[in-house]
Amino acid sequence: MAVISPSRRLRRTPFSEGVEAAGVRAYTVYNRMLLPTVFESVEADYRHLKDHVQVWDVSVERQVELRGPDAARLMQMLTPRDLRGMLPGRCFYVPIVDETGGMLNDPVAVKLAEDRWWISIADSDLLLWVKGIANGYRLDVLVDEPDVSPLAIQGPKSEDLAARVFGEGVRDVKFFRFGRFEFEGREMVVARSGYSKQGGFEIYVEGADIAMPLWDALFRAGEDLNVRAGCPNGIERVEGGLLSYGNDMTDDNTPHECGLGRFCDTQTAIGCIGRDALLRVAKEGPVQQIRALAIEGEPVPLCDRAWGLYAGDIRVGQVTSAAWSPDFATNVAIGMVRMTHWDTGTQLTVVTPEGERVATVQAGFWA
Ligand code: THG
């Protein structure tokens with residue numbers, strides 16, 4: 001494949017210097033910004049992530065900030081997850097839906113205060129939708145993208161590394177909650193979260209000027225922990241069933257099709273723009289749903305277009321992410337499968353660019 005030409009439209013991040021010095025080998029584009037995908041190799045990065053600790057430049061997880069008296073009302077308009085019980089200091093994984101119940105994004109909502117929220121977005125232009133709603137409904141709320149760039153610490157040794165830089169107090173931060181911790185005189189939001197199943201933290205770095213000092217401090221502090229630069233790993237996240245917006249689901253899918261029904265309280269999410277549409281579709285139940293699939297044979301190539309899933313000649317779904325898993329010694333995959341063929345153990349044919357393979361519907365994800 002050819003390289004991508006750099007330009008101002010393709011944004012660098014406040015950590016790009018560090019990422020380049022660490023020897024990044026490949027990037028993807030996410031929210032019009034650079035997201036590393038490979039350092040040593042996807043397999044070597046995977047092994048290291050599962051055994052040690054990595055620091056990830058996930059600046060592409062841009063924040064949509066809501067600030068003002070109508071912030072909480074606006075947040076609830078965006079999602080069918082009931083936010084009434086959500087206290088400041090909490091993070092919620094929230095499906096965001098349009099008026100048809102279609103998924104627009106699957107961010108992490110961070111409640112800083114009753115009148116101040118960050119929506120830590122996946123790869124779609126959510127800012128435009130949120131600004132449109134705020135203005136269309138004449139809400140008393142400011143909506144913008146602040147200078148905040150998340151930096152993730154992921155892997156089994158991430159708590160030790162975080163404690164060395166932010167103090168022992170970070171050990172008490174519970175999953176999907178955050179605390180405020182000081183670094184070089186600056187208060188930082190540090191949450192226990194991240195796009196891996198290996199555990200870790202996400203630091204919401206406010207102000208590009210403090211980004212490289214924090215990056216450097218983490219690498220200095222983690223030398224004997226074998227800390228390395230890393231990135232969301234294409235093998236590990238499929239094993240763990242972490243969905244990728246734009247890959248595994250789009251605005252054509254409801255949260256229920258995405259297996260995100262557990263994050264919907266559509267009955268009580270009063271004000272949610274997609275509520276009526278979701279109440280209608282939820283009555284019938286989804287006719288297709290995300291499934292874990294094992295694909296037999298040699299390692300599959302990267303999945304850059306949907307691979308058809310067939311039962312004989314009949315198309316019954318598609319595979320949207322796949323990778324060879326060294327730990328499970330099979331190709332692990334995420335697909336959308338029609339109801340008639342989604343039961344555990346169902347054997348299907350997947351058409352990969354390298355030919356047909358047997359794909360078996362799994363009971364759940366691997367990790
Ligand atoms: N962290 C932050 N922002 C993000 C991501 C992140 N923005 C982009 C992208 N990732 C959004 N998508 C996801 C997908 C999965 C999860 C978080 C964001 C996730 N899911 C857990 C799971 O499925 O096991 C836990 C969900 C829960 O129980 O609440 O973490 O990673 N800041």
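Our subject is the structure listed above.
Because the structure is a prediction, the values reported are computed rather than measured. (Residues numbered from 1 in each chain as written. Predicted model: local features only at pLDDT ≥ 70, side-chain atom pairs only at ≥ 80, totals over all residues. Heavy atoms only, no water.)

Caption draft 1: Seen up close, the sheet that holds strand β18 (residues 314-325). Pairing in this closed barrel of 6 strands is antiparallel, and the strands run β16-β19-β18-β17-β20-β21 around the ring. For this sheet the average axis-to-axis angle between neighbouring strands, irrespective of direction, equals 40°. Sheet analysis places strand β17 (residues 307-311) next to β18, joined by 5 bridges and oriented antiparallel. Paired with Y310 across the two strands is R315, which belongs to β18. (Pairing = 2+ DSSP bridges. Helix = DSSP H or I, 4+ residues; strand = E, 2+ residues; numbered from the N terminus. Axes fitted to C-alpha atoms, helices over the stretch in contact; angles between N-to-C directions.)

Caption draft 2: Representation of the packing of aromatic side chains. Enumeration over the complete set of coordinates arrives at 6 aromatic pairs. Within the aromatic cluster, the residues linked to one another by ring pairs are F15, W215 and F219. The ring of F92 has R81 lying over it, and the distance from NZ or CZ to the ring centre is 3.8 Å. (Phe/Tyr/Trp six-rings, centres within 6.5 Å; stacked < 30°, edge-to-face > 60°. Lys NZ or Arg CZ within 6 Å of the ring centre and 35° of its normal.)

Caption draft 3: Geometry of helix α5 (residues 158-166). Within the sequence span of α5, burial applies to S158, L161, A162, A163, V165 and F166. In the stretch just after α5, G167 is the one whose phi turns positive, near 100°. (Buried < 20%, exposed > 50% of the residue type's maximum accessible area, 1.4 Å probe, protein only.)

Caption draft 4: Molecular detail of the side chain of N233. Tracing the backbone through its elements, the reader meets N233 in the loop between β15 (228-230) and α7 (236-239). Judged by its relative accessible area of 4%, N233 falls in the buried class. Among the polar contacts made by the side chain of N233, one reaches the main-chain amide nitrogen of E236 at a distance of 3.0 Å. Aside from chain neighbours lying at most four places away, what touches N233 is V42, D45, Y46, L49 and W56. (Polar contact = N/O pair within 3.5 Å; in protein donor to acceptor, adjacent residues only side chain to side chain. Contact = heavy atoms within 4.5 Å.)

Caption draft 5: View of helix α3 (residues 71-78). Counting buried positions along α3 yields 6 of 8 residues, so the element is predominantly enclosed. Where α3 is buried, its residues meet β4 (63-67), β6 (96-97), β8 (108-113), β9 (116-120), α4 (126-136) and β10 (142-144).

Caption draft 6: Spatial organisation of the layout of surface pockets. What the second largest pocket holds in volume is close to 180 Å³. What lines the second largest pocket is a set of 14 residues, among which N253, Q288, Q318, T320 and M336 lie closest to the centre. At the level of elements, β18 and β19 (330-338) are the ones that each hand at least two residues to the lining of the second largest pocket. Broken down by element, the lining of the second largest pocket gets its largest block of residues, 5 residues, from β18. (1 Å grid on protein atoms, 1.4 Å probe; cavity = no way out; pocket = protein on both sides within 12 Å on 5 of 7 lines; lining within 4 Å. Points joined across faces, edges and corners; volume = space filled by probe spheres on them.)

Caption draft 7: Representation of the sheet that holds β15 in the model. Read across the sheet, 6 strands follow the order β12-β13-β14-β11-β3-β15 without closing on themselves; strand pairing throughout is mixed. Single-partner strands in this sheet number two, and they are β12 (178-183) and β15. When strand polarity is set aside, the average angle formed by the axes of neighbouring strands in this sheet is 30°. In this structure, strand β3 (residues 54-57) lies alongside strand β11 (residues 148-154), joined through 4 bridges in antiparallel fashion. Of the residues in β11, the one forming a bridge with V55 is I153.

Caption draft 8: Broad picture of the site of the ligand. The environment of the ligand is formed by 17 residues, the closest being D106, S120, K197, E202 and Y204. One nitrogen or oxygen atom from the main chain of D106 is found 3.1 Å from a nitrogen atom belonging to the ligand. Protein burial of the ligand: of its 650 Å² of free accessible surface, 88% is covered by the chains. Partitioning the shell around the ligand into residue classes produces 11 nonpolar, 2 polar and 4 charged. (Near = heavy atom within 4 Å. Areas by Shrake-Rupley, 256 points an atom, 1.4 Å probe, with all protein chains shown as cover. Nonpolar A, V, L, I, M, F, W, Y, C, P; charged D, E, K, R; others polar.)

Caption draft 9: Structural context of the pattern of salt bridges. Tallied over the full model, the rule gives 23 salt bridges. Between E40 and R228 there is a salt bridge, and its shortest N-O distance comes to 3.1 Å. Remark: R228 occurs in strand β15 and E40 occurs in the loop between β2 (33-38) and α2 (42-51); sequence separation between them is 188 residues. Linking R116 and E206 is a salt bridge whose minimum nitrogen-to-oxygen distance equals 3.9 Å. Of this pair, R116 sits in strand β9 while E206 sits in strand β14 (residues 200-206), placing them 90 residues apart in sequence. Judged by its relative accessible area of 32%, E206 falls in the partly exposed class. Put simply, R47, K50, D51, E239 and D327 are held in one network by salt bridges that share partners. (Salt bridge = Lys/Arg side-chain N within 4 Å of Asp/Glu carboxyl O.)

Caption draft 10: Expanded view of the nonpolar core. Among the nonpolar cores identified, the biggest contains 40 residues, and V110 and Y204 are the most heavily contacted of them. Of all the elements in the fold, those that place two or more residues in this core are β2, β5 (91-93), β8, β11, β13 (186-191), β16 (288-295) and β19. Not counting residues within four places of it along the chain, the set of residues in contact with V110 comprises R90, C91, R116, W117, W118, F178 and Y204. By size, the runner-up hydrophobic cluster in this structure holds 33 residues, among which are F39, V55, V205 and A229. (Core = buried A, V, L, I, M, F, W, Y, C linked by side-chain atoms within 4.5 Å.)

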